[in-house]
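Residue-level structure breakdown
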Protein chains: 2
Amino acid sequence: MSEEKEVKLLDNWASAFGVRTRIALAEKGVEYEYKEENLSDKSELLLKSNPVHKKIPVLIHHDKPICESLIIVQYIDEAFPSKTPILPSDPYARAIALFWADFIDKKFYQYAIRVWRLKKGEELEETKKELVENLRTLEAELGEKKYFGGEDFGFVDIAFVPFTSWFYSFQAFDLLSVEEEFPKLAAWGKRCLERKSVAKSLPEPKKVYELFTARRKELGVE
Amino acid sequence: MSEEKEVKLLDNWASAFGVRTRIALAEKGVEYEYKEENLSDKSELLLKSNPVHKKIPVLIHHDKPICESLIIVQYIDEAFPSKTPILPSDPYARAIALFWADFIDKKFYQYAIRVWRLKKGEELEETKKELVENLRTLEAELGEKKYFGGEDFGFVDIAFVPFTSWFYSFQAFDLLSVEEEFPKLAAWGKRCLERKSVAKSLPEPKKVYELFTARRKELGVE
């Protein structure tokens, strides 16, 4: 049995964090067993593999679990070094990549996950403003580069591109048009989608929209 | 001029995040210029070096800034590889170290920073409970090992040991006795303090207590 077959991914189709790990595995050409988790009825394997956070994604390699999406992507990069690297080898370039991935998790995500859950009002306006501010920071960092790291698709692209599946919903819910307000980010997203690893890992934006719509109904937003 | 002299650290004596970077620099024997920041009147250099978060610590190496304490520690490990490594070289062991450092930032810290700021009441009890729960998780992870990574002082120790300076305050404010409730963590803390790199980097617990006390007065907690 080849090394690759010893890889399992506990994931959920709609998880932007899971998408990161799927892209990284695809970039490295790693074959793996995909296990879809029902997040309202988590498997014993998930609870045992990630007893601290009880969250997907979890990568299991040779029966050893690795948790937290950015740590999993780093692990994949290091455990399967034969293919193109995901993180650059230069320490400073690595630190910059880690910084922007961390920014996406700490800043961008907290607003992106809340903005579509809020009813009209001050809190929504405040959240939208912060989201826009963070997108502006990310667009400025991208600048005229092809990818966040320069000429090569890499760590920050993997960290951020899963959220491009949310842009359709932002527009459909009349929150924000990334296409109009952040044309460079929109173009970068399309460029990433030309890669097989991304195209086959990202969920269909309309399916994400349906999921968000159902959740908004539950929350009484619409 | 040696390479080391090209290192500056923008920091504040009381910052647990800053302490991490000081320990890492000491472990690697890197000489550097220490610049104390007044957090209520941040320097131009800090604002220019960390325009996104505007926070200390910032490491400046050959005029290039690196931000976020865990990323700085990783950078120090990679940019000064000659001395004992801080992160292990095995990908799985690295992932585990990154996971626990991330746990300290995401889980432990949010309760540790709030618990001494709260007046008596339900919120304090809830926060204390979560803090204790997280300390229990960390003590279980440490187990009978000498350091978090095993026989060698490393990344998770550097991530967590700065907070041992807060234990005295937790006890003095009648919140929690780490010594009594978590004897293994207390013993580990003392073991770490035997290292020169830690001893010279940690602030005096009583000075931290004075700072917290002043802040509690401002907040009307005492």
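Just so we're clear, the structure is a prediction, and the values are computed from it rather than from any experiment.

Procedures and definitions
Residues numbered from 1 in each chain as written. Chains lettered and ligands numbered in written order. Predicted model: local features only at pLDDT ≥ 70, side-chain atom pairs only at ≥ 80, totals over all residues. Heavy atoms only, no water. Phe/Tyr/Trp six-rings, centres within 6.5 Å; stacked < 30°, edge-to-face > 60°. Lys NZ or Arg CZ within 6 Å of the ring centre and 35° of its normal. Helix = DSSP H or I, 4+ residues; strand = E, 2+ residues; numbered from the N terminus. Polar contact = N/O pair within 3.5 Å; in protein donor to acceptor, adjacent residues only side chain to side chain. Contact = heavy atoms within 4.5 Å. Buried area = accessible area lost by both parts, 1.4 Å probe. Salt bridge = Lys/Arg side-chain N within 4 Å of Asp/Glu carboxyl O. Nonpolar A, V, L, I, M, F, W, Y, C, P; charged D, E, K, R; others polar. Least-squares fit on C-alpha atoms with pLDDT ≥ 70 in both. Buried < 20%, exposed > 50% of the residue type's maximum accessible area, 1.4 Å probe, protein only. Pairing = 2+ DSSP bridges. UniProt positions renumbered as here; feature names shortened; annotations may be inferred. Axes fitted to C-alpha atoms, helices over the stretch in contact; angles between N-to-C directions. Core = buried A, V, L, I, M, F, W, Y, C linked by side-chain atoms within 4.5 Å. Domains from an automatic or database assignment.

1. Here's the deal with the packing of aromatic side chains
All chains considered together, the criterion is met by 38 aromatic pairs over all chains. Put simply, the rings of Phe17(A), Phe108(A), Tyr109(A), Trp116(A), Phe148(A), Phe160(A), Phe163(A), Trp166(A), Trp188(A) and Phe212(A) pair up and form one aromatic cluster. Over the aromatic face of Tyr92(B) sits the side chain of Lys64(A), whose NZ or CZ is 4.6 Å from the ring centroid. Above the plane of the ring of Trp13(B) lies Lys207(B), whose end atom (NZ or CZ) is 4.3 Å from the centre.

2. Points about the side chain of Arg94(A)
As for its placement among the helices and strands, Arg94(A) is situated in helix α4 (residues 91-115). Side chain to side chain, Arg94(A) and Glu78(B) meet in a polar contact 3.0 Å long. Residues contacting Arg94(A), with those up to four places away along its chain left out, are Glu78(A), Leu87(A), Pro88(A), Ser89(A), Glu78(B) and Arg94(B).

3. Brief notes about the interface of chain A and chain B
Taken residue by residue, the interface counts 26 residues in chain A and 26 residues in chain B. Together chain A and chain B conceal approximately 2,200 Å² of surface at their shared face, both sides included; 70% is due to carbon and sulfur atoms. It is Ile71(A), Tyr92(A) and Phe99(A) in chain A that bury the most area against chain B; as a group they hold 26% of the surface buried on that side. Residue Glu78(B) pairs with Arg94(A) through a salt bridge whose shortest N-O separation is 3.0 Å. Inspection of the region where chain A meets chain B yields six residue pairs in polar contact (both at pLDDT 80 or more). Elements that contribute at least two residues to the side of chain A that touches chain B include exactly β4 (64-67), α3 (69-79) and α4 of chain A. Top element by residues in the side of chain A that touches chain B is α4(A). It accounts for 12 residues. Of the residues in the side of chain A that touches chain B, the class split is 15 nonpolar, four polar and seven charged.

4. Notes on the relation of the copies chain A and chain B
Two copies of the chain are present, and they differ by a rotation about an axis and a shift along that axis. Under the fitted operation, chain A is carried onto chain B by 0.0 Å of movement along the axis and a turn of 180 degrees, and the coordinates agree to an RMSD of 0.0 Å. Here the symmetry operator amounts to a two-fold rotation axis. Closest to the rotation axis within chain A is the C-alpha of Lys106(A), separated from it by 4.9 Å. In this assembly, 100% of the residues forming the interface of chain A have copies in chain B that are likewise at the interface, indicating an isologous arrangement.

5. Notes on the pairing of strand β1 (residues 7-11) of chain A
Residue and element names in this part refer to chain A. With four of five residues buried, β1 is to be regarded as a mostly interior element. As paired elements, β1 and strand β3 (residues 58-61) share four bridges and run antiparallel to each other. Bridge pairing in β3 links Lys-8 to Ile-60. Taken together, the four bridges between β1 and strand β2 (residues 33-36) define a ladder with parallel strand orientation. Paired with Lys-8 across the two strands is Glu-33, which belongs to β2.

6. Some remarks on the UniProt feature "domain: GST C-terminal" (unreviewed entry) in chain A
Under the local residue numbering, the UniProt record ascribes the feature "domain: GST C-terminal" (unreviewed entry) to residues 90-209 of chain A. Taken end to end, residues 90-209 of chain A is 68% helix and 0% strand, and its first and last C-alpha atoms sit 39 Å apart.

7. A word on the sheet that holds β1(A)
Residue and element names in this part refer to chain A. If you trace the four strands from one edge of the open sheet to the other, you get β2-β1-β3-β4, paired in mixed fashion. Single-partner strands in this sheet number two, and they are β2 and β4. The sheet shows a mean angle of 20 degrees between the axes of neighbouring strands, direction not considered.

8. Quick word on the nonpolar core
Core analysis: the biggest nonpolar cluster contains 147 residues, and Phe160(A), Trp166(A), Phe170(A), Phe160(B), Trp166(B) and Phe170(B) have the highest contact counts within it. Apart from residues no more than four positions distant in its own chain, Phe160(A) is found in contact with Ile104(A), Phe108(A), Leu135(A), Leu138(A), Phe148(A), Phe167(A), Leu185(A) and Trp188(A).

9. Here's the deal with the domain arrangement of chain A
Many analyses report the size of an interface as the accessible area lost when the parts associate. Residues and elements named next belong to chain A. As assigned here, chain A comprises domain 1 (4-79) and domain 2 (91-219). Between domain 1 and domain 2, the contact holds 15 residues from the first and 25 residues from the second. Between domain 1 and domain 2, roughly 1,700 Å² of surface is buried when both sides are summed, and carbon and sulfur atoms account for 72% of that area. For the domain 1 face of the interface with domain 2, the top three residues by lost area are Trp-13, Arg-20 and Ile-23, together amounting to 34%. The interface formed by domain 1 and domain 2 includes three salt bridges. Here domain 1 is connected to domain 2 by five residue pairs in polar contact (both at pLDDT 80 or more).

10. Section: unusual backbone geometry
All names here are of chain A. Between Ile-56 and the following residue, Pro-57, the backbone shows a cis peptide bond with an omega angle of -5 degrees. Within the element layout of this structure, Pro-57 appears in the loop between α2 (44-49) and β3. In the Ramachandran plot, Asp-174 falls in the positive-phi region, its phi being about 60 degrees despite a non-glycine side chain.

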